[in-house]
Amino acid sequence: MPRSDAQPDAQFDRQPGAVRRRSVDLSVYLVTDTEQCGGVDGVVRTVREAVPAGVTLVQLRDHHLSDDDFVALGRRLVDVLDGTGVPLLIDDRVHLVGPIGAQGAHVGQDDMPIDRARAMLGPDAVLGLSTQTPGHVAAARAMGEQLVDYLGVGALHSTGTKPEAGDLGMATVASVVEVSPWPVCAIGGVKADDAAPLAAIGCDGMSVVSAICGQPDIAAATRRLVDAWSRATGVPAAHTGHTAGNPVGQASPASQDPSASPNPSPDKAAR
């Protein structure tokens, strides 16, 4: 796929008649938690150590920092990620994507509507959406498949990071994957042991918080996730020093070729 000049870390589906898609590698998707990381400096250190070990996407999430402090932290992460090809997404605060220089945003069901978020972001930024049910998927599709680029589904397991998300379990996540026209990653207490069952139901990646944030050895914790996902999918890990893979920032073969998924649904195979 050709890469966009306006958004170098995203890829686009430009096939005639296809819905325009901005594609990112969801394989090992780090969502930051400032408290678990030990403060803003810890967030920067965590990202700096996790990305060379194989993290493919980073989301900055903090519900307590002021906008000014959030922008300052985001810009530090942009500097850390510069040249790595790993995109930075912003949780919820869509209006700060531009000031930070991030590649996109992620919104929840109770955050900004996806049509408004897309209007603010423009056509080239990445936009992710949290979902918990097939009904959420249907509602998002009704608004237009071109608005969203991927879904985050969870919580897979109950977690102290977001207790209100409950505990969906693997079967519910599978029901969302089955009807989603977009790539899907699971979030919520996700750990390396979840890689095989998630890959088996057609998930495109694992989104993690505590499996990396606050771990005594960030690089080793990241490599465990990366290696587990690689074994589960049969796809070599990308842009890491310990396994050969795709060029930095490019989507893995699993995300480009639906047939690489162990059990792709009909909708996902039609992407």
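Details of the structure are given in the entry above.
Treat the numbers as computed from the prediction; the structure is a model and nothing was measured.

1. Some remarks on the overall build of the chain
For the chain, the count of helices and strands is 11 helices and 10 strands. Residues counted as buried form 55% of the 271 residues belonging to the chain. Counting contacts in the chain only where the partners sit at least 6 residues apart, residues at least 24 apart contribute 62% of the total. Here the chain has roughly 10900 Å² of accessible surface; of this, 51% comes from carbon and sulfur atoms.

2. Description of the pattern of salt bridges
Within the structure shown, the criterion is met by 7 salt bridges. When the shortest N-O distance is used, the salt bridge between Arg-93 and Asp-67 registers 2.9 Å. Of this pair, Arg-93 sits in the loop between β5 (88-91) and α4 (97-100) while Asp-67 sits in helix α3 (residues 67-81), and the two are 26 residues apart along the sequence. Exposure remark for Arg-93: the relative accessible area of 11% places this residue in the buried category.

3. With respect to the packing of aromatic side chains
Counted under the stated rule, the structure contains 1 aromatic pair. Against the face of Phe-70 rests Arg-93, its NZ or CZ located 4.2 Å from the ring centre.

4. Section: unusual backbone geometry
The phi angle of most residues is negative, glycine excepted, and most peptide bonds adopt the trans form. Cis geometry marks the peptide bond from Gly-154 to Ala-155, where omega comes out at 15°. Along the chain, Ala-155 falls in the loop between β8 (150-153) and α7 (169-179).

5. Brief notes about the state of the cysteines
Tallied over the full model, the rule gives 0 disulfides. The cysteine Cys-37 is free of any disulfide, with Cys-213 supplying the nearest cysteine sulfur at 3.5 Å. With no disulfide of its own, Cys-185 has Cys-203 as its nearest cysteine by sulfur position, at a separation of 7.4 Å. With a relative accessible area of 1%, Cys-185 lands in the buried category.

6. Description of α3
In an α-helix, one turn spans 3.6 residues; hence positions three or four apart end up facing the same way. For α3, built from 15 residues, the straight-helix expectation of 21 Å at 1.5 Å per residue is met to within 8% by its first-to-last C-alpha distance of 21 Å. Along α3, the residues classified as buried are Phe-70, Val-71, Leu-73, Gly-74, Leu-77, Val-80 and Leu-81. Structurally, α3 contributes buried residues whose contacts are with α2 (40-53), β4 (57-60), β5 and α4.

7. Looking at the sheet that holds strand β10 (residues 205-208)
Strand order in the closed barrel made by the 8 strands is β3-β4-β5-β6-β7-β8-β9-β10, with parallel pairing throughout. Across this sheet, the average inter-strand angle for adjacent strands is 25°, counted without regard to direction. Note: strand β3 (residues 28-31) against β4, 3 bridges, orientation parallel. Paired with Leu-30 across the two strands is Val-58, which belongs to β4. Where α7 meets the sheet, it contacts β7 (126-131), β8 and β9 (184-187), and its direction lies at approximately 165° from that of β8. Sheet strands touched by helix α9 (residues 218-233): β3 and β10. Its angle to β10, the strand with the most contacts, is close to 160°.

The rules behind these values
- By convention here, each chain's residues receive numbers from 1 onward along its written sequence.
- Given that the model is predicted, a residue must reach a pLDDT of at least 70 before its local features are reported, and side-chain atom pairs must reach 80 or more before they are shown or counted; all residues, however, enter totals for whole chains, interfaces and linings.
- Side-chain metrics rest on all non-hydrogen atoms present in the structure, leaving aside hydrogens and water.
- The numbering of helices and of strands both runs from the N terminus, where a helix is a DSSP run of H or I of at least 4 residues and a strand a run of E of at least 2.
- Burial status follows relative accessibility: with a 1.4 Å probe on protein chains alone, a residue under 20% of its type maximum counts as buried, one over 50% as exposed, and anything between as partly exposed.
- Two residues qualify as a contact provided that any one of their heavy atoms is within 4.5 Å of a heavy atom in the partner residue.
- Per-residue and other accessible areas were derived by the Shrake-Rupley procedure at a 1.4 Å probe size, with only the shown protein chains allowed to occlude residues.
- Salt bridges, as used here, are contacts in which a Lys or Arg side-chain nitrogen is within 4 Å of a carboxyl oxygen on Asp or Glu.
- Any two of the Phe, Tyr and Trp rings considered here, Trp counted by its six-membered ring, make a pair once their centres fall within 6.5 Å; the pair's planes then place it as stacked at under 30 degrees, edge-to-face at over 60, or tilted in between.
- In this scheme, the term charge over a ring applies when either NZ of a lysine or CZ of an arginine sits within 6 Å of the ring centre and within 35 degrees of the ring normal.
- In this description, the term disulfide denotes a pair of cysteine sulfurs within 2.5 Å.
- For a helix, the expected span equals 1.5 Å multiplied by the number of residues minus one.
- Pairing between two strands requires that DSSP report at least two bridges joining them.
- To obtain each axis, a line is fitted to C-alpha atoms, and for helices this fit is confined to the stretch in contact; angles are then taken between N-to-C directions over 0 to 180 degrees.

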